[in-house]
Amino acid sequence: MSTTEAEPDFTTCESGPEGLQILEPREVPLGGLRALNVRRTLPQRARSLIGAWCFVDHYGPDQVESTGGMVVNGHPHTGLQTVSWLFDGEIEHRDTVGSVRTVRPGEVNLMTAGRGIAHSEISTPDTTVLRGAQLWIALPAGERHTAPRFEHYAPEPFRIDGARMSVFIGTLMGATSPVRTATRLVAAEVRLEPAATVTIEVDPTFEHGVLVDDGRITVAGAGVGQSELLFVPTGPRTLTITAEQGPARILLLGGEPLGERIIMWWNFIGRTHEEIVEYRDRWQAQAFGDGDGGSPYGTLPEDWQHLIPAPPLPNGRLKLRS
């Protein structure tokens, strides 16, 4: 997924009990016939990272007939991994390492950009309702220039107490995903039955985020509503989550603190202003230039009729964030 904002606005965070923070979403249009809106909870001015998770978009349920669905044409990435997770609908992923994969509910698609990749994401013609989350992971300094790659995995759901869980990144409650990350991370979908309470054992060295897709929950005394993201600092060995009245569906994210400052602008993650300028110039030259600028983002598929141009850089220098 591409972020369409060159100079994003930020929302504020509300403090909760024991250092918890509730990050409220803001709507961002992605495009389509009448613009598919996503709800963005990370990054924000008060928090840029949860572990190495640096970007959280939540969307749907969108009626594709009205919105036009997801139409995110070819665009580049550097220095990060993208994680696609769907609840409803299907999306075709296509990238410049030759991957063509249909993203389906309950199946994770992880794309490692590394030194540079480009991809597109377009909802399939048969999709009538689209709902899901798009997540980014910042690669640490030692891995951010790695070769790009793509991985797919369909985790086996399992039951705990009054909930069903699917672990698609890392290890949680005895289940392990084989997809590769450069730092220790975890991600899982948890579906809670009406008024159910579930206690999940977590790594106390991880920061965690709880994104509510549907319903309303309580975690450690903090009430979290639909599309809100709860930040939980390091320390707890368990997270007890209760669905308030009706059922609830959440994404549980976590990871060891990255411990690095990053610059994230448009679809690039770097460490200096000059790097971001170079990444942008390389994309513009490859996608829209007249000369032979090489293929830093891989071989563009011949059937990509439209590419997304990089927005203008801001007047001031881009700053590091942690």
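Before reading further, recall that the structure is shown in the block above.
Residues numbered from 1 in each chain as written. Predicted model: local features only at pLDDT ≥ 70, side-chain atom pairs only at ≥ 80, totals over all residues. Heavy atoms only, no water.

Caption draft 1: Focus on the side chain of Glu207. Locating Glu207 in the fold gives a position in strand S20 (residues 207-214). Here Glu207 is buried and forms no salt bridge, its nearest opposite-charge partner Arg47 lying at an N-O distance of 4.4 Å. Among the polar contacts listed, one links the side chain of Glu207 to the backbone nitrogen of Gly51, at a separation of 2.7 Å. Setting aside its immediate chain neighbours within four residues, Glu207 contacts Arg47, Leu49, Ile50, Gly51, Phe231, Val232, Thr234, Leu253, Gly254, Gly255 and Pro257. (Helix = DSSP H or I, 4+ residues; strand = E, 2+ residues; numbered from the N terminus. Buried < 20%, exposed > 50% of the residue type's maximum accessible area, 1.4 Å probe, protein only. Lys, Arg positive; Asp, Glu negative; His and termini not counted. Salt bridge = Lys/Arg side-chain N within 4 Å of Asp/Glu carboxyl O. Polar contact = N/O pair within 3.5 Å; in protein donor to acceptor, adjacent residues only side chain to side chain. Contact = heavy atoms within 4.5 Å.)

Caption draft 2: Examining the pattern of salt bridges more closely. On inspection of all chains with the given rule, the structure shows 19 salt bridges. Close ionic contact of Arg317 with Glu274 constitutes a salt bridge, the shortest N to O distance being 2.9 Å. A residue pair is termed long-range when its members are at least 10 positions apart, and Arg317 in the segment after helix H2 (273-288) and Glu274 in helix H2 qualify at 43 residues. The partly exposed category is assigned to Glu274, whose relative accessible area is 46%. A salt bridge links Arg282 to Glu278, with the nearest nitrogen and oxygen atoms 2.4 Å apart. Of this pair, Arg282 and Glu278 both sit in helix H2, four residues apart, which is roughly one turn of that helix. The network of salt bridges with common partners includes Arg131, Asp213, Asp214 and Arg249.

Caption draft 3: How the structure looks around unusual backbone geometry. In this structure, the amide linkage connecting Leu42 to the following residue, Pro43, adopts the cis form with an omega of 5 degrees. Cis geometry marks the peptide bond from Gly60 to Pro61; its omega dihedral reads 0 degrees. With phi around 50 degrees, Met173 is a residue other than glycine that occupies positive phi space. In this structure, Met173 sits in the loop between strand S16 (171-172) and strand S17 (175-176). A relative accessible area of 30% places Met173 in the partly exposed class.

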